[in-house]
Amino acid sequence: MSRFGVQCEDLHSLVQTIDSLDVQINSIYTHFAGGIMDREGNQAQLDRFLDCSEDYVARTIPRHAAASTGCFQQIGTDLDYIRPGGSMYGLCVANDLPSTKMFQDLGFKPAMSLVAQPTFYKLLPAGRRIGYDGLYTTKEPEWIANIACGWSDGYRRKLSLGVGAVKNNRTGELCPIVGRVSMDSCTVRLPRKPEASDTYSLLTDDFAEKTSYTWMARTLNAANYEITGTFSTRLPRVYTSGEKIVDIMHAVDYTN
């Protein structure tokens with residue numbers, strides 16, 4: 001990838017320098033630059049890597065190349081190690097539809113979702129402006145709910161004005177974001193008065209339109225990991241096994 005690694009033509013001199021310093025070499029590896037659909041490019045990279053590192057096989061220095069993408073493509077999986085990273089958490093390495101479908105067809109499911117309850121909801125009359133700059137106006141009496149999650153928590157401002165939606169976890173209905181996503185909250189339009197126990201998913205653990213990390217990444221021209229990796233540390237992490245909550249970590253617990 002020409003980032004931190006050494007170029008093939010410089011590998012031998014680097015190994016000589018490391019040996020002269022009496023430093024142990026634990027492994028030699030490469031990281032594929034191409035996505036799931038770029039099998040040809042990744043195979044070419046693997047071929048170069050194998051060629052330049054062949055001299056060190058006799059020294060029994062382990063070699064590895066296949067992270068999640070290589071595992072999907074079965075390129076480099078016959079070396080000493082594999083490195084399935086984000087795929088262990090159901091994160092596809094690409095957000096395009098063919099890659100996402102391939103990933104989903106293999107049986108992967110995202111481990112992460114973002115769930116909240118409304119902090120406030122009310123029935124507003126027609127003609128009421130919502131949020132900063134009043135960019136949404138109710139067209140009739142509408143149930144509007146406030147959810148205490150905004151762009152400082154990692155829910156993107158670009159999902160404002162109906163671009164994004166939240167999912168009612170009881171009914172499965174999608175409720176559009178209305179008005180602008182603000183720093184600490186967003187407002188959604190509900191089809192009716194909610195039940196007191198209703199919860200809503202801002203991020204669903206699937207590949208659905210409007211609420212999944214892959215859809216958000218495609219829509220916002222972002223990387224998949226960028227969506228899931230930028231949710232704020234102030235959001236509590238709730239760990240479940242099946243339907244059972246096994247641990248809850250609040251921000252103070254995992255930032256100290």
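Scoring rules and cut-offs
Residues numbered from 1 in each chain as written. Predicted model: local features only at pLDDT ≥ 70, side-chain atom pairs only at ≥ 80, totals over all residues. Heavy atoms only, no water. Phe/Tyr/Trp six-rings, centres within 6.5 Å; stacked < 30°, edge-to-face > 60°. Helix = DSSP H or I, 4+ residues; strand = E, 2+ residues; numbered from the N terminus. Buried < 20%, exposed > 50% of the residue type's maximum accessible area, 1.4 Å probe, protein only. Contact = heavy atoms within 4.5 Å. Patch = residues over 30% accessible without salt bridge, like charges linked within 9 Å, V, L, I, M, F, W, Y side chains within 5 Å. Areas by Shrake-Rupley, 256 points an atom, 1.4 Å probe, with all protein chains shown as cover. Salt bridge = Lys/Arg side-chain N within 4 Å of Asp/Glu carboxyl O. Pairing = 2+ DSSP bridges. Axes fitted to C-alpha atoms, helices over the stretch in contact; angles between N-to-C directions. 1 Å grid on protein atoms, 1.4 Å probe; cavity = no way out; pocket = protein on both sides within 12 Å on 5 of 7 lines; lining within 4 Å. Points joined across faces, edges and corners; volume = space filled by probe spheres on them. Nonpolar A, V, L, I, M, F, W, Y, C, P; charged D, E, K, R; others polar. Polar contact = N/O pair within 3.5 Å; in protein donor to acceptor, adjacent residues only side chain to side chain. Core = buried A, V, L, I, M, F, W, Y, C linked by side-chain atoms within 4.5 Å.

**Q** Help me get a handle on the packing of aromatic side chains, residues and values and all.
**A** For the structure on display, the rule yields six aromatic pairs. Considering the side-chain rings of phenylalanine 72 and phenylalanine 103, the 5.4 Å spacing of their centres and the 75° angle between planes classify their relative orientation as edge-to-face. Remark: phenylalanine 103 occurs in helix 4 (residues 97-105) and phenylalanine 72 occurs in helix 3 (residues 68-73); sequence separation between them is 31 residues. For phenylalanine 72, a relative accessible area of 16% puts it in the buried group. The class for phenylalanine 103 is buried, based on a relative accessible area of 1%.

**Q** Got a sec to walk through helix 5 (residues 213-220)? Specific residues and values, please.
**A** Among the eight residues that make up helix 5, six are buried, leaving the element largely enclosed by the rest of the structure. Contacts from the buried residues of helix 5 go to helix 4, strand 12 (200-203) and helix 6 (224-229). One or two steps after helix 5, the chain reaches asparagine 221, where phi turns positive at roughly 55°.

**Q** An account of a nonpolar patch on the surface is requested, with residue identities and associated values reported.
**A** A contiguous nonpolar surface patch, about 290 Å² in accessible area, is contributed by Met37, Met102 and Leu106. Position of methionine 102 relative to the elements: it lies in helix 4.

**Q** Give me the lowdown on the pairing of strand 13 (residues 237-241), citing residues and values where you can.
**A** The pairing of strand 13 with strand 14 (residues 244-249) spans five bridges and is antiparallel. Following the sheet pairing, arginine 237 is matched in strand 14 by methionine 249. In this antiparallel pair of consecutive strands, strand 13 and strand 14, the connection spans two residues, and glycine 242 shows a positive phi of 65°.

**Q** Run through the sheet that holds strand 8 (residues 142-147), naming residues and quoting values.
**A** Across the sheet, which stays open at both edges, the seven strands sit in the order 4-12-9-10-11-8-5 with antiparallel pairing between neighbours. The sheet is open, and its two edges are formed by strand 4 (114-116) and strand 5 (120-124), each paired on a single side. In this sheet, neighbouring strand axes are inclined to one another by 35° on average, regardless of whether the strands run parallel or antiparallel. Sheet analysis places strand 4 next to strand 12, joined by three bridges and oriented antiparallel. Bridge assignment links leucine 114 to a residue of strand 12, and that residue is leucine 203.

**Q** How would you explain the layout of surface pockets if you had to name every residue and give the values?
**A** Empty space within the largest pocket amounts to approximately 1100 Å³. As for the largest pocket, its lining consists of 27 residues, of which Ala111, Met112, Ser113, Leu114 and Val238 are closest to the centre. Elements with a minimum of two residues in the lining of the largest pocket: strand 4, strand 12 and strand 13. The greatest single-element share of the lining of the largest pocket, amounting to four residues, is contributed by strand 13. For the lining of the largest pocket, a count of residues per class yields 16 nonpolar, eight polar and three charged. When its volume is computed, the second largest pocket comes out at roughly 780 Å³. Within the residue set of the lining of the second largest pocket, elements represented by two or more residues are helix 1 (11-20), strand 1 (28-29) and helix 2 (39-53). Grouping the amino acids of the lining of the second largest pocket by side-chain chemistry returns 13 nonpolar, eight polar and three charged.

**Q** Break down empty space enclosed by the protein for me, citing the residues and quoting the values.
**A** What the rule picks out here adds up to one cavity of 30 Å³ or more. Considered as a void within the structure, the largest cavity measures approximately 50 Å³ in volume. Contributing to the lining of the largest cavity are Asn168, Arg170, Glu173, Pro191, Arg192, Lys193, Pro194, Glu195, Asp198 and Tyr200.

**Q** Describe the side chain of asparagine 168, naming the residues involved and giving the relevant values.
**A** With respect to the helices and strands, asparagine 168 occurs in strand 9 (residues 165-168). Looking at asparagine 168, the relative accessible area reads 4%, which means it is buried. A distance of 2.7 Å separates the side chain of asparagine 168 from the backbone nitrogen of arginine 170, its partner in a polar contact. When sequence neighbours within four positions are dropped, the list of residues in contact with asparagine 168 reads Glu173, Asp198, Thr199 and Tyr200.

**Q** Account for the pattern of salt bridges, naming residues and giving values.
**A** Considering all chains together, one arrives at 11 salt bridges under this definition. If you follow the salt bridges from partner to partner, you end up with Asp153, Asp184 and Arg234 in one network.

**Q** I'd like a rundown of the nonpolar core, residues and numbers included.
**A** Among the nonpolar cores identified, the biggest contains 33 residues, and Ile147, Tyr155, Val166, Val188, Leu202 and Tyr213 are the most heavily contacted of them. Within the residue set of this core, elements represented by two or more residues are strand 4, strand 8, strand 10 (174-178), strand 11 (186-190), strand 12 and helix 5. Top contributing element to this core by residue count: helix 5, with five residues. With residues near it in sequence (within four places) discarded, isoleucine 147 still touches Ala116, Pro118, Val166, Asp184, Ser185, Cys186, Val188, Tyr200 and Leu202.

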